[in-house]
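# Overview (structure and organization)
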Amino acid sequence: MKIKVKPGGSAIICLPKEILNMSTSRLMLLNVIAFQLLWWLCVLSPAHGWEVLVLFVTLLYTWAHLRWVESSQQLWPLLLTAVVGCLLDQYLFRMDWVKFPHQQDMLAYIPLWMMALWLGFATTLNLSMHWLQHRLLLATLLGAIFGPIAYLGAEKMGAVVLTQLHTSLVLVAVEWAIALPLLLYIRRRFNQQMGSRR
């Protein structure tokens, strides 16, 4: 993937030739479907002991994404956004607003499946959610709405516990209202820097 910068600082993503043979809308749809499948796999994994397998699958998917959709140059910003997401969830976990019922009590960090989920989510920021990179206020609103919905879904499937339902949901909404625009901004800035070097 190549990055070009238009006058005014906005970045254009130029996909590899083999990917250009596929329409952008189809590629975005596949990205959305892949992440949704990954979300289900991650959320179901703790009840079945699949966490290590899920992490391996996510790493393999991320490698394929960087190999054929983005590029190895996007590895570090992708990892950075995943780590930032993990740290935000780690804060909620440490403050006891969110618990993971299948997690051993002695462990002081979020489970592997949640780390895998953030890594998978990072693959959407430059593709299916690229259109939000210049709409950060909208991203804030969408994060505040859909973040809690995702957590409620995960709770119903037994993957997480919102220790104080309403308070926890508010804090998750705040987390995602911060996380989504922040992660999109990080990827946008990196795209601009890559483009300015060419």
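Structure first, text after, so check above.
### Considerations on the nonpolar core
Here is a general trend for soluble globular proteins: nonpolar side chains tend to be buried in one another's company. V98, F100, W113, M114, W118, F121 and L180 are the most contacted members of the largest nonpolar core, which has 36 residues in total. In terms of residue count, helix α7 (residues 165–196) provides more of this core than any other element does, 8 residues in total. The residues contacting L180, other than those within four sequence positions of it, are F121, L125, M129, A139, L142 and G143. Judged by nonpolar contacts, the second largest core, of 5 residues, contains L78, A82, L119 and A122.

### Let's talk about a nonpolar patch on the surface
Residues W40, L44, W50, L53, F56, V57, L60, W63 and W68 make up a contiguous nonpolar surface patch of about 910 Å² in total accessible area. When contributions to the nonpolar patch are tallied by element, the ones reaching two or more residues are α2 (24–48) and α3 (51–68). A total of 6 residues in the nonpolar patch trace back to one element, the largest contributor, which is α3. By the secondary structure assignment, L53 is in helix α3.

### Digging into the packing of helix α4 (residues 75–94) against helix α5 (residues 112–122)
Taken N-terminus to C-terminus, the directions of α4 and α5 make an angle of 140°; their axes are 8 Å apart at the nearest point. The orientation of α4 with respect to α5, classified from their angle, is oblique. In this structure, the crossing between α4 and α5 has a hand that is right-handed. In this structure, α4 uses L78, L79, T81, A82, G85, C86 and D89 to contact α5, whose residues at the interface are M114, M115, W118, L119 and A122. In terms of residue class, the contact of α4 with α5 is made up of 9 nonpolar, 2 polar and 1 charged.

Conventions adopted
Residues numbered from 1 in each chain as written. Predicted model: local features only at pLDDT ≥ 70, side-chain atom pairs only at ≥ 80, totals over all residues. Heavy atoms only, no water. Core = buried A, V, L, I, M, F, W, Y, C linked by side-chain atoms within 4.5 Å. Buried < 20%, exposed > 50% of the residue type's maximum accessible area, 1.4 Å probe, protein only. Helix = DSSP H or I, 4+ residues; strand = E, 2+ residues; numbered from the N terminus. Contact = heavy atoms within 4.5 Å. Patch = residues over 30% accessible without salt bridge, like charges linked within 9 Å, V, L, I, M, F, W, Y side chains within 5 Å. Areas by Shrake-Rupley, 256 points an atom, 1.4 Å probe, with all protein chains shown as cover. Salt bridge = Lys/Arg side-chain N within 4 Å of Asp/Glu carboxyl O. Axes fitted to C-alpha atoms, helices over the stretch in contact; angles between N-to-C directions. Parallel < 35°, antiparallel > 145°, perpendicular 65-115°, else oblique. Left-handed = near helix turned anticlockwise from the far one by under 90°. Nonpolar A, V, L, I, M, F, W, Y, C, P; charged D, E, K, R; others polar.

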